[in-house]
Structures are given as C-alpha cells and as structure tokens.
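Breakdown of the fold
Here's the letter readout for the chains.
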Amino acid sequence: MNQNEMNQMDITDIPILYFSIGFLGLLISCSSAQTKSYSKSDGKDISLFNGKDLRGWYTYQREPEPTSEVQGLKKEDGKYVEPIGLHKDPLNVFTVVNEDGKPAIRISGEVFGVLATEQEFGNYHLSMEFKWGVKKYPPRNDKKRDSGILYHSVGKDGAMGGAWMRSVELQVQEGDVGDLWCVDSTTARVRTIPLENKKFQYHPEGEIRSIDMREDRFCQKSEDFEKGQGEWNRLDIYAYGRESFHVINGKRNMHLTDIGQIVNGKIQSLTSGKIQIQSEGAEVFYRDIVLRPIERMPDFNQK
C-alpha cells in the first residue's frame, strides 16, 4: 500500500474459521447456504498454501494499466475503464512456481489486486515467508517494490483503490516492512511518537493515538528488520481479539489495539476476516503460509 492508493490440514477442508477467545473452538460462520460447525479444534496448524495450486483462494483485480493487453476488456481514450474483477486472471498475475527449490506463490505485480482467502479467520498466528523478485510495472515501475498482507478483511472486494477490501495492512514494501495502513474505514490505536514529516511512528512507550481515515491511516514501524534483495524474509501476524502484532524476521515492530471499523460514524469491533495478499506493481514470492490458533497474545521481551 502507498499513500495514493507440526501437523497441517488443508484450508479447503474447513469453511470459514474463527478461533474463539475462550478456547480453541472453531465457530463457523458463512454467508453461503451451507454452514458447518466444529465443537473444538484438534490443535493442527492450517496450511493456507498447498504447494500445488491456489485452492482456498480467489482473485480480484482492478482495471489494468494501458501498458497491459487484456482481450475483451473495455477501453476509452486508451485506458481501461472496467476492472478485471473476480475469479479472472488473464495475465497470470497469481501463479504457483518452484522458487529456490520449494513451491511458492508468484505475484507478478502487473495488475493491482489481491489473492484472498475464501474463509475468514480470527484469533490466530499467521506466518509466511516472502522474497522480492526483479520485475516492476506501471504505475510503480520507478518506485519501491510494494505488496502487503491485509488481514481482518471484510466487506466489498475492491472497496479501496478499486483493489482492496476494508482491512488492516502489514505493509510489505522495500524498507518499510511492518508499517501499518488502515485500509478504507478500519481503525486501530497505536502507541506513537511524532516524526518531522507530521507522520507518526510506533514506539512501545509512546502516546496512544488512533490511526484511521479521520486523520492519518498510516503509522510507521519502529525499526526496519527486512533482509536484503533476493533473501527470504519471515512475516508473522499475531491477532487475538482486537489486538495484533507485526513481527518481521522474529522481531516485533508494530503493536495494534482496539482494532475496529468505522460504520456510519461509529466504531465497531473488528476481530476477524479474510486474508488478502496484494499485487501492487512488483514481482514478489510468498511461501510456507501457515495459520495456527492461539488462546492469547504472546509475550515479547524485545520491544
């Protein structure tokens, strides 16, 4: 995002998962006709990527840049005027490849959009690895490589920037991994210190302030723990109730509390949702995407 814009079970085995606060129960809720219930969890991790295909995920992409060629998509004055939309990927933006000897999801970045889970999740530890590729595309071909993990994603596909659902973002951008973006009308409270550019930076002993569209939906991470170009980085998101941590290569650099969404001027709690991975103008690889239930937030001695 930018200012302008263990044992494993397969994700396809369970509809929509919510790891309840009081116990490791799974409460299943689904807008579709069929709903299943689970009285308790068997304690297994959930692999969100099976290493073979993109089952358990769907795609949504906005209108491409004029430099891309998509047959049958409406253009006016040389620009596309309609999105690629749901469940369509004519340019193979999202594919499964073998990278460094292991299966990975390759995101080309050619079109802004997301790979989103079909299910919603709450009270979890989400872990994965990412590595930057080489290619970049307009309108960000002369900017930092950019992507992001959007969690607690709810509402309409493409609600913000024509590409993203309402959500909370762990920024994945060169030099900025771990930054917070409150996408669309989400909100969170973060301890911050002011920066010279009138922005704010997370600091564990700073003053608490709200981060959202009412003033500034961005908060800078405390420190940069990203590895160099071409190296794999580990991302961890711990989300429990209305609280979350962003952890980069084992070190926390963001802490959110009171996560919510602003609806009709009022804040509603936000504790679960889909997970989106952004395509945003740069080639990037993701692998080892695993989600596990938690009963509480972990303790971090390192601040």
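Everything below is about the structure shown above.
Conventions adopted
- Residues numbered from 1 in each chain as written.
- Predicted model: local features only at pLDDT ≥ 70, side-chain atom pairs only at ≥ 80, totals over all residues.
- Heavy atoms only, no water.
- Core = buried A, V, L, I, M, F, W, Y, C linked by side-chain atoms within 4.5 Å.
- Buried < 20%, exposed > 50% of the residue type's maximum accessible area, 1.4 Å probe, protein only.
- Contact = heavy atoms within 4.5 Å.
- Salt bridge = Lys/Arg side-chain N within 4 Å of Asp/Glu carboxyl O.
- Helix = DSSP H or I, 4+ residues; strand = E, 2+ residues; numbered from the N terminus.
- Polar contact = N/O pair within 3.5 Å; in protein donor to acceptor, adjacent residues only side chain to side chain.
- Pairing = 2+ DSSP bridges.
- Phe/Tyr/Trp six-rings, centres within 6.5 Å; stacked < 30°, edge-to-face > 60°.
- Lys NZ or Arg CZ within 6 Å of the ring centre and 35° of its normal.

Our next topic: the nonpolar core. L126, I149, L235, Y286 and I289 are the most contacted members of the largest nonpolar core, which totals 51 residues. With near-sequence residues (within four places) excluded, I149 lies in contact with L126, M128, V168, E169, L170, V172, L235, I237, I275, Q276, I277 and Y286. With 13 residues, the next largest nonpolar core counts F112, M160, V183 and F218 among its residues.

On inspection of all chains with the given rule, the structure shows 21 salt bridges. Taking the shortest distance from any N to any O, the salt bridge between E76 and K74 comes out at 3.6 Å. By relative accessible area, which is 47% here, K74 ends up partly exposed. Of the charged contacts, one joins D258 and R189 as a salt bridge, the two residues approaching to 3.5 Å between their closest N and O atoms. Note that D258 is positioned in strand β21 (residues 251-263) and R189 in strand β15 (residues 186-194), a separation of 69 residues in sequence. A residue is classified by how much of its surface remains accessible, and R189, at 33% relative accessible area, is partly exposed.

As a further point, take the environment of G109. Of note, G109 is situated in the loop between β8 (102-107) and β9 (113-117). Under the relative-accessibility criterion, G109 is labelled buried at 0%. G109 sits 31 residues away from R140 along the chain, and the two C-alpha atoms are 9.5 Å apart.

With respect to the helices and strands, the residue S153 is situated in strand β12 (residues 146-154). Separated by 3.0 Å, the side chains of S153 and Q276 make a polar contact. Setting aside residues no more than four positions away along its own chain, S153 makes contact with M165, R166, S167, G273, K274 and Q276.

Looking now at the pairing of strand β7 (residues 94-99). Across six bridges, the pairing between β7 and β8 is antiparallel. Counterpart to E99 in the pairing with β8 is K102. Linking β7 back to β8 in an antiparallel pair, the connection comprises two residues, with D100 at a positive phi of about 55°.

What follows is about the packing of aromatic side chains. Tallied over the full model, the rule gives four aromatic pairs. Seen in terms of ring centroids, F130 and W132 are 5.4 Å apart; in terms of plane orientation they differ by 80°. Their pairing is edge-to-face. A single burial state applies to F130 and to W132, both of which are buried. Taking 6.2 Å as the distance between ring centres and 35° as the angle between the ring planes, the aromatic pair formed by F130 and Y286 counts as tilted. Of the two residues, F130 sits in strand β11 (residues 124-136) while Y286 sits in strand β24 (residues 282-293), which places them 156 residues apart along the sequence. For the pair shown, F130 and Y286 are each scored as buried. The structure contains a cluster of three or more aromatic residues connected by ring pairs, namely F130, W132 and Y286. Geometry around F200 places R209 over its ring, the cationic atom sitting 3.6 Å from the centre. It is R252 that lies over the ring of F245; its NZ or CZ is 4.6 Å from the centre.

On to the pairing of β21. Pairing of β15 with β21, which is carried by three bridges, proceeds in the antiparallel orientation. Looking at β21, one finds that T186 is bridged to Q261. Pairing analysis gives five bridges linking strand β20 (residues 243-248) to β21, with the strands arranged antiparallel. Paired with F245 across the bridge in β21 is H255. Joining the antiparallel neighbours β20 and β21 is a turn of two residues, in which N249 adopts a positive phi near 50°. Alignment of β21 against strand β22 (residues 266-269), held across four bridges, turns out to be antiparallel. Bridging across to β22, I262 finds its partner in I267. Counted between consecutive antiparallel strands, the loop separating β21 from β22 contains two residues, among which N264 sits at a positive phi close to 55°.

Look at the link from P138 to P139: it is a cis peptide, with omega at 5°. Note on placement: P139 falls in the loop between β11 and β12. One non-glycine residue, N249, lies in the positive phi region at around 50°. Among the structural elements, N249 can be located in the loop between β20 and β21.

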